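Residue-level listing of the chains:
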Amino acid sequence: MHEFPWAEATATGVGSHPGEDHVEALRVIFGELSMPYLPELPGRGVGADMIGRSASLLVELPVEVQPSGWRFTDRPGRDLKRARDHLSRDLDALEEVAQGYTGPLKIQVCGPWTLAGAVELRHGDKTLADPGAVRDMVESLAEGVAAHVAEVRKRVPGAEIVLQLDEPGLPGVLAGTVRTASGFGRLSAVEPMPAAERLKTVLRAAGPARGDENGSGPFTIVHCCAPEVPFEVLRTAGVRGISIDAALLRRRDEDHIGEAIEAGTAFLLGVVPGRDARLPDIGVVARPATELWRRLGFAPARLAQQVVLTPACGLAGASPAYARAALVACAKAARVLREDPGE
């Protein structure tokens, strides 16, 4: 059976958290979860958002904020400094809160295709419009991700790193529905093979993944909380896990999911809302996972190892109290997968 860096009955979060207190967010995460993660707190403003935080990792490709969003620029400025300062403070807090921690630790970075569909070139069109610019950005991002993984390892030496690329924009990139910077047109669709190759470049940046022969790099997953998750592209890219919103799955997806599970791919299933809502009983929270597993016909004993439970998406739009409750609900429901997989 495929080896995963987490134990049975594991839960984690997707990435973002509400509020501005990154130390408190880390304490909640490490206190409630068997797979903690380095959260993003976009409520802190410029540079704390997913795009700005990930763009700050780019090597020799500085960015700044324009009225239309993030854009490449000739030299580093205030916006890039702010983004890097946020991340530096977050890493300091991680080192403090995670002192002595051993086990899986997840970090999130915006994936190359979502980033290319969001960051504009100097002349104003989106990076996605220029294949050469996409290539340069992917290589820069890969170098920055490798450095980021190394820094996290240095700060938390007992951690087994799980690297998550956030790709909510990938289905639109493949379908050709991403709008031009003007908003009046749509950018050409990217073919599946080059899409997978660019993903692979970033996923493999920190070395061959755990589970590969001689692999010492991070365990790699891609999160896509949009409809029409491109399972085949993700498998071609070599991801070891796929993170999705269980509520968006359709029966036609199940053949792809079954093939991926058979091949040893882990699934991180979003089973509670990312915004304040009434949380159902724990058995109901676990049900999307147990029912999917039953329909696909896999042995119940594999469920609690190969499936990790999460909120459906980031928690930035939730209240702090709900964010904690959602993580607790996922952690309790994950134990159902182990103790009563037929729930």
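Use the structure listed above.
Residues numbered from 1 in each chain as written. Predicted model: local features only at pLDDT ≥ 70, side-chain atom pairs only at ≥ 80, totals over all residues. Heavy atoms only, no water.

Chemist: Would you mind going over the pairing of strand β6 (residues 241-245) in detail, with residue names and values included?
Modeler: Summarising burial for β6: five of the five residues are buried, a large majority. Residues Gly241, Ser243 and Asp245 line one face of β6 and the alternating positions Ile242 and Ile244 line the opposite face, and both faces are buried. Here four bridges tie strand β5 (residues 219-224) to β6, and the two strands are oriented parallel to one another. Bridge pairing in β6 links Cys224 to Ile244. Handedness of the crossover joining β5 and β6 through helix α8 (residues 231-237): right-handed. (Buried < 20%, exposed > 50% of the residue type's maximum accessible area, 1.4 Å probe, protein only. Helix = DSSP H or I, 4+ residues; strand = E, 2+ residues; numbered from the N terminus. Pairing = 2+ DSSP bridges. Right-handed = clockwise from strand over helix to strand, strands pointing away.)

Chemist: Any chance you could break down helix α9 (residues 254-262) for me, citing the residues and the numbers?
Modeler: Taken together, the buried positions of α9 are occupied by Glu254, Ile257, Gly258, Ala260 and Ile261. Seen end-on, α9 carries its buried residues on one side only, within an arc spanning 165 degrees. Exposed residues on α9 whose side chains face more than 90 degrees from its buried face are Asp255 and Glu262. As for α9, its buried residues are in contact with α8, β7 (266-272), α10 (282-296) and α11 (300-306). At the C-terminal side of α9, Gly264 shows a positive phi close to 95 degrees. (Arc of directions from axis to C-beta. Contact = heavy atoms within 4.5 Å.)

Chemist: Describe the environment of Ala9, naming the residues involved and giving the relevant values.
Modeler: Structurally, the position occupied by Ala9 is in the segment before α1 (22-32). The exposure class of Ala9 is buried, given its relative accessible area of 11%. In the structure, Ala9 is positioned 11 residues away from Glu20 in sequence and 30 Å away in space, judged by C-alpha atoms. If we ignore the near neighbours within four places in the chain, the residues touching Ala9 are Ser34, Ala304, Ala334, Arg335 and Arg338.

Chemist: Got a sec to walk through the packing of aromatic side chains? Specific residues and values, please.
Modeler: In the structure shown here, the tally under the stated rule is six aromatic pairs. On the numbers, 6.4 Å between centres and 45 degrees between planes, the contact of Phe231 with Phe267 is tilted. Taken together, the positions of Phe231 in helix α8 and Phe267 in strand β7 put the pair 36 residues apart, joining distant regions of the chain. The pair formed by Phe231 and Phe267 is uniform in burial state, with each residue classed as buried. Put simply, the rings of Phe4, Trp6 and Phe219 touch in pairs and so form one group of aromatic residues. Between Lys106 and the ring centre of Tyr37, over which it is positioned, the NZ or CZ distance is 5.1 Å. (Phe/Tyr/Trp six-rings, centres within 6.5 Å; stacked < 30°, edge-to-face > 60°. Lys NZ or Arg CZ within 6 Å of the ring centre and 35° of its normal.)

Chemist: Explain the nonpolar core to me, and be specific about the residues and the numbers.
Modeler: Ranked by size, the top nonpolar core spans 99 residues in total, and within it Leu94, Leu105, Trp113, Leu199, Leu269 and Leu309 carry the most contacts. When residues of this core are assigned to their parent elements, the largest contribution, 11 residues, is made by helix α12 (residues 320-339). Setting aside residues up to four positions removed in sequence, Leu105 forms contacts with Phe30, Pro36, Tyr37, Leu94, Val152, Val156, Ala159, Glu160, Ile161 and Val162. Among the nonpolar cores identified, the runner-up in size contains nine residues, and Trp6, Phe219, Ala266 and Leu268 belong to it. (Core = buried A, V, L, I, M, F, W, Y, C linked by side-chain atoms within 4.5 Å.)

Chemist: Summarise the packing of α1 against α12; cite the residues concerned and give the values.
Modeler: Axis separation between α1 and α12 bottoms out at 10 Å; the angle between their running directions is 15 degrees. As the angle between them shows, α1 and α12 are arranged roughly parallel. Seen along the crossing, α1 lies across α12 with a hand that is right-handed. Across the interface between the two elements, Glu24, Val28, Ile29 and Glu32 from α1 touch Arg324, Leu327, Val328 and Ala331 from α12. Across the contact of α1 with α12, the residue classes break down as five nonpolar, no polar and three charged. (Axes fitted to C-alpha atoms, helices over the stretch in contact; angles between N-to-C directions. Parallel < 35°, antiparallel > 145°, perpendicular 65-115°, else oblique. Left-handed = near helix turned anticlockwise from the far one by under 90°. Nonpolar A, V, L, I, M, F, W, Y, C, P; charged D, E, K, R; others polar.)

Chemist: For the sheet that holds strand β8 (residues 307-311), give the residues involved together with the corresponding values.
Modeler: Spatially, the six strands line up as an open sheet ordered β3-β4-β5-β6-β7-β8, and their pairing is parallel. The open sheet is flanked by β3 (103-110) and β8, the only strands paired with a single partner. This sheet shows a mean twist of 25 degrees between the axes of neighbouring strands, independent of strand direction. Pairing analysis gives eight bridges linking β3 to strand β4 (residues 159-166), with the strands arranged parallel.

Chemist: How would you sum up empty space enclosed by the protein? Please name residues and give values.
Modeler: According to the stated counting rule, one finds two cavities of 30 Å³ or more in the structure shown. Empty space within the largest cavity amounts to approximately 50 Å³. Forming the walls of the largest cavity are Cys224, Cys225, Ala226, Glu228, Val229, Ile244, Asp245, Leu248, Leu249 and Asp253. Tallied by class, the residues present in the lining of the largest cavity amount to seven nonpolar, no polar and three charged. Considered as a void within the structure, the second largest cavity measures approximately 40 Å³ in volume. (1 Å grid on protein atoms, 1.4 Å probe; cavity = no way out; pocket = protein on both sides within 12 Å on 5 of 7 lines; lining within 4 Å. Points joined across faces, edges and corners; volume = space filled by probe spheres on them.)

Chemist: Describe the pattern of salt bridges, and please don't skip the residues or the numbers.
Modeler: For the coordinates displayed, the defined rule picks out 20 salt bridges. Here Arg53 makes a salt bridge to Asp90, at a shortest N to O gap of 2.8 Å. Linking Arg53 in helix α2 (residues 50-55) with Asp90 in helix α3 (residues 78-97), this pair joins segments that are 37 residues apart in sequence. Arg53 gets classed as buried once you look at its relative accessible area, which sits at 5%. Residue classification places Asp90 among the buried residues on the basis of a relative accessible area of 2%. The shortest N-O distance in the salt bridge between Glu151 and Arg155 comes to 2.7 Å. Linking Glu151 with Arg155, this pair stays in helix α5 (residues 131-155), spanning four residues, or about one helical turn. On the accessibility criterion, Glu151 (22% relative accessible area) is partly exposed. The exposure class assigned to Arg155 is buried, which follows from its relative accessible area of 16%. (Salt bridge = Lys/Arg side-chain N within 4 Å of Asp/Glu carboxyl O.)

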